[in-house]
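Each chain, written out:
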2 protein chains.
Amino acid sequence: MTMPLNGPAAPGRDPIAEARRQWLAHGWHDAADGMAAVTSVMRAQQLLLTQIDALLRPFGLTFARFELLRLLSFAHGRRMTMRKAGQRLQVHPTSLTSLAARLASDGHITREANPDDGRSAILVLTDTGARLVEDATAVLNDDVFCGLGLAPQDIAVLVDVLGRFRATRGDFAP
Amino acid sequence: MTMPLNGPAAPGRDPIAEARRQWLAHGWHDAADGMAAVTSVMRAQQLLLTQIDALLRPFGLTFARFELLRLLSFAHGRRMTMRKAGQRLQVHPTSLTSLAARLASDGHITREANPDDGRSAILVLTDTGARLVEDATAVLNDDVFCGLGLAPQDIAVLVDVLGRFRATRGDFAP
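All values reported here derive from a predicted model rather than from experimental measurement. In every chain, residue numbers begin from 1 and rise along the written sequence. Both sets of labels track the order of writing: A upward for chains, 1 upward for ligands. Selection of residues for local features in this predicted model requires a pLDDT of at least 70, selection of side-chain atom pairs for listing and counting requires 80 or more, and totals for whole chains, interfaces and linings are taken over all residues. Here the side-chain values reflect all heavy atoms present in the structure, with hydrogen atoms and water set aside.

1. Describing the overall build of chain A
Secondary structure elements follow DSSP: runs of H or I of four or more residues count as helices, runs of E of two or more count as strands, with numbering from the N terminus. Across its full length, chain A carries 7 helices and 3 strands. Sequence-ordered secondary structure for chain A, helices as α and strands as β, is α-α-α-β-α-α-β-β-α-α. The globule rule used for comparison is 2.2 Å times the number of residues to the exponent 0.38, while the radius of gyration itself is calculated over C-alpha atoms. Rg of the C-alpha trace for chain A: 20 Å, well past the compact-globule value of 16 Å for 174 residues, more than 25% over. Along the first, second and third principal axes, the C-alpha atoms of chain A reach 60 × 30 × 30 Å. Throughout, exposure labels follow a simple rule: accessible area from a 1.4 Å probe, protein chains only, divided by the maximum for the residue type, with under 20% read as buried, over 50% as exposed, and the rest as partly exposed. Counting the 174 residues in chain A, one finds 53% classified as buried. Considering only residue pairs separated by 6 or more positions, chain A has 51% of its internal contacts joining residues 24 or more positions apart. Throughout, the Shrake-Rupley method with a 1.4 Å probe supplies accessible areas, and for residues the shown protein chains are the sole cover considered. Just so you have it, chain A exposes about 7500 Å², and 53% of that area is on carbon and sulfur atoms. Looking at chain A, you have 19 positive and 18 negative side-chain charges, and the mean spots of the two groups are 4 Å apart. Residue contacts are counted whenever heavy atoms from the two residues lie within 4.5 Å of one another. Charge counting follows a simple rule: Lys and Arg are positive, Asp and Glu are negative, and His as well as the terminal groups are ignored. Each charge is placed at NZ for Lys, CZ for Arg, CG for Asp and CD for Glu.

2. Quick notes on the pairing of strand β3 (residues 122–125) of chain A
Residue and element names in this part refer to chain A. On β3, burial covers both faces: I122 and V124 on one face and L123 and L125 on the other are all buried. Strands were regarded as paired on the criterion that DSSP finds at least two bridges between them. As paired elements, strand β2 (residues 109–112) and β3 share 4 bridges and run antiparallel to each other. If you follow I109 over to β3, its bridge partner there is L125.

3. Regarding the interface of chain A and chain B
Residue-level contacts link 78 residues of chain A with 78 residues of chain B. Both faces combined, the contact of chain A with chain B buries some 7200 Å², and carbon together with sulfur accounts for 69% of it. Any carboxyl oxygen of Asp or Glu within 4 Å of a side-chain nitrogen of Lys or Arg constitutes a salt bridge here. Our count for the chain A to chain B interface comes out at 6 salt bridges. Among the ionic pairs, R166(B) bridges to D14(A), the shortest N-O distance being 2.7 Å. Values labelled buried area give the accessible surface lost by two parts on being combined, using a 1.4 Å probe and summing over both.

4. Some thoughts on the domain arrangement of chain A
All names here are of chain A. According to the domain assignment, chain A consists of domain 1 (13–59) and domain 2 (61–174). Here the C-alpha centre of domain 2 lies 25 Å away from the C-alpha centre of domain 1. With 10 residues of domain 1 at the interface, the matching set in domain 2 holds 13 residues. Buried area between domain 1 and domain 2, both sides added, is near 980 Å², and the carbon and sulfur share of it is 78%. Those domain boundaries reflect an automatic or database domain assignment.

5. A short note on the sheet that holds strand β3 (residues 122–125) of chain B
Residues and elements named next belong to chain B. Strand order in the open sheet made by the 3 strands is β1-β3-β2, with antiparallel pairing throughout. The sheet is open, and its two edges are formed by β1 (79–81) and β2 (109–112), each paired on a single side. Averaged over all neighbouring strand pairs, the angle between strand axes comes to 25 degrees, with direction disregarded. One ladder, built from 3 bridges, connects β1 with β3; its direction is antiparallel. Every axis in this analysis is a line fitted to C-alpha atoms, fitted for helices over the stretch in contact. Angles between the N-to-C directions lie between 0 and 180 degrees.

6. Structural notes on the nonpolar core
Definition of nonpolar core: a set of buried residues of the types Ala, Val, Leu, Ile, Met, Phe, Trp, Tyr and Cys, connected through side-chain atoms within 4.5 Å. Judged by nonpolar contacts, the single largest core of 103 residues is most densely connected at L56(A), L61(A), L68(A), L158(A), L68(B) and L158(B). Discounting chain neighbours no more than four positions away, the residues touching L158(A) are L150(A), G163(A), A37(B), V41(B), L158(B), V161(B) and L162(B).

7. Quick word on the packing of aromatic side chains
Stacked, tilted and edge-to-face are the three classes applied to pairs of Phe, Tyr and Trp rings, where Trp contributes its six-membered ring and a pair requires centres within 6.5 Å; stacked means planes under 30 degrees apart, edge-to-face means over 60, and tilted covers the rest. Tallied over the full model, the rule gives 8 aromatic pairs over all chains. A ring pair is formed by F63(B) and F66(B), whose centres lie 6.1 Å apart and whose planes are at 15 degrees; its orientation type is stacked. Of the two residues, F63(B) and F66(B) are both situated in helix α3 (residues 63–74); the distance of 3 residues between them amounts to about one turn of the helix. There is no split in this pair, since F63(B) and F66(B) are both buried. Taken together, the aromatic side chains of W23(A), W28(A), F74(B) and F145(B) make up a single cluster linked through ring pairs. A ring is scored as having a charge over it whenever the NZ atom of a lysine or the CZ atom of an arginine sits within 6 Å of its centre and within 35 degrees of its normal. It is R70(A) that lies over the ring of W23(B); its NZ or CZ is 5.8 Å from the centre. Positioned above the aromatic ring of F74(B) is the side chain of R70(B), whose terminal nitrogen or guanidinium carbon lies 4.4 Å from the ring centre.

8. What about the sheet that holds β2(A)?
All names here are of chain A. Ordered in space as β1-β3-β2, the 3 strands form an open sheet in which the pairing is antiparallel. At either end of the open sheet lies a strand with only one pairing partner, and these are β1 (79–81) and β2. Shown here is a sheet whose adjacent strand axes are inclined to one another by a mean of 25 degrees, direction ignored. Helix α3 (residues 63–74) rests against β1, β2 and β3 of the sheet, and its axis sits at about 85 degrees to β3. Contacts from helix α5 (residues 93–105) reach β2 and β3 within the one sheet, and its direction differs from that of β2 by about 120 degrees.

9. Some points on the pattern of salt bridges
Per the counting criterion, the structure on display carries 26 salt bridges over all chains. When the shortest N-O distance is used, the salt bridge between R164(A) and D154(B) registers 2.5 Å. On the criterion of chain membership, the pair formed by R164(A) in helix α7 (residues 152–168) and D154(B) in helix α7 (residues 152–168) is interchain, its members lying in two chains. Here R70(B) ties to E134(B) by a salt bridge, and the two come within 3.0 Å at their closest N and O atoms. One end of the pair, R70(B), is in helix α3; the other, E134(B), is in helix α6 (residues 127–145), and 64 residues separate them in sequence. On the basis of relative accessibility, which here comes to 33%, the residue E134(B) falls in the partly exposed class. Look at the salt bridges and you will find they share partners, linking D14(A), R43(A), R166(B) and D171(B) into a network.

Set out below in structure tokens:
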């Protein structure tokens, strides 16, 4: 989804640059660059998610499921309450329940009762899940994270600028 | 969805910076910065989409529906074949059919038979749809695109770096 807010463009031309031209032509000068930036983020996300989900498909994972396994693998004792995992992943409880159910039925996690809070289960990574997430991480590291096609300086700038953007939106305390 | 590939972090700390530390601690030095960049894009997209969809809800629109209306409003005669709209928006035909059905039932577009291609309808923006997309654009311009909270130079860098990333992925011919 997400895309080119552009009018007619020759194939191969950048639809976001086209959209920016349309914005300027309509007199929306103050918004044109912001529109281009927002649409660029949307489009980059779409390209990345498509690639990542394709790489994870042979593992029976989506990026969302991978992130939950990865989170548990870093956690002390490879276990975490649903509540805490939801906060960390910023996933809606309903979505997290559905993610956890799928991972449990695949044998990658188990769900234990939480003695401190009857309403929040504890998610525990299984040995199978731990091996799977290591293998999946190796693939993502090699094929995506090491090979973004950008210079190290570009990558650093991206993290820096998007980090400041995220901080202004309250994503974390800077 | 999408998120912090991080381990335990104090509330308020940047989960992406935490995840990067975990990556380095695991010896994945070549992948740590790329992981941080990819996760930053994912998280920024999530923040933007949440804000945009909330702003568009009073209009009965999602960002995907908005983009289709915006595309048609820029097109010659405010009309475009489904095929062409799908290419421009890079939306799967099934998704586009569903988007168009919803917009048609709301009276924002009509679908006409395409005399040149019986398999591809033509989407036509109605006067109602044209007014709606202008109003929605004004809100997005004011509340999102003009107010990203980043300096003009940051916005330019973001568009530039993400544009080069998109070009390496074949998103357009540079």
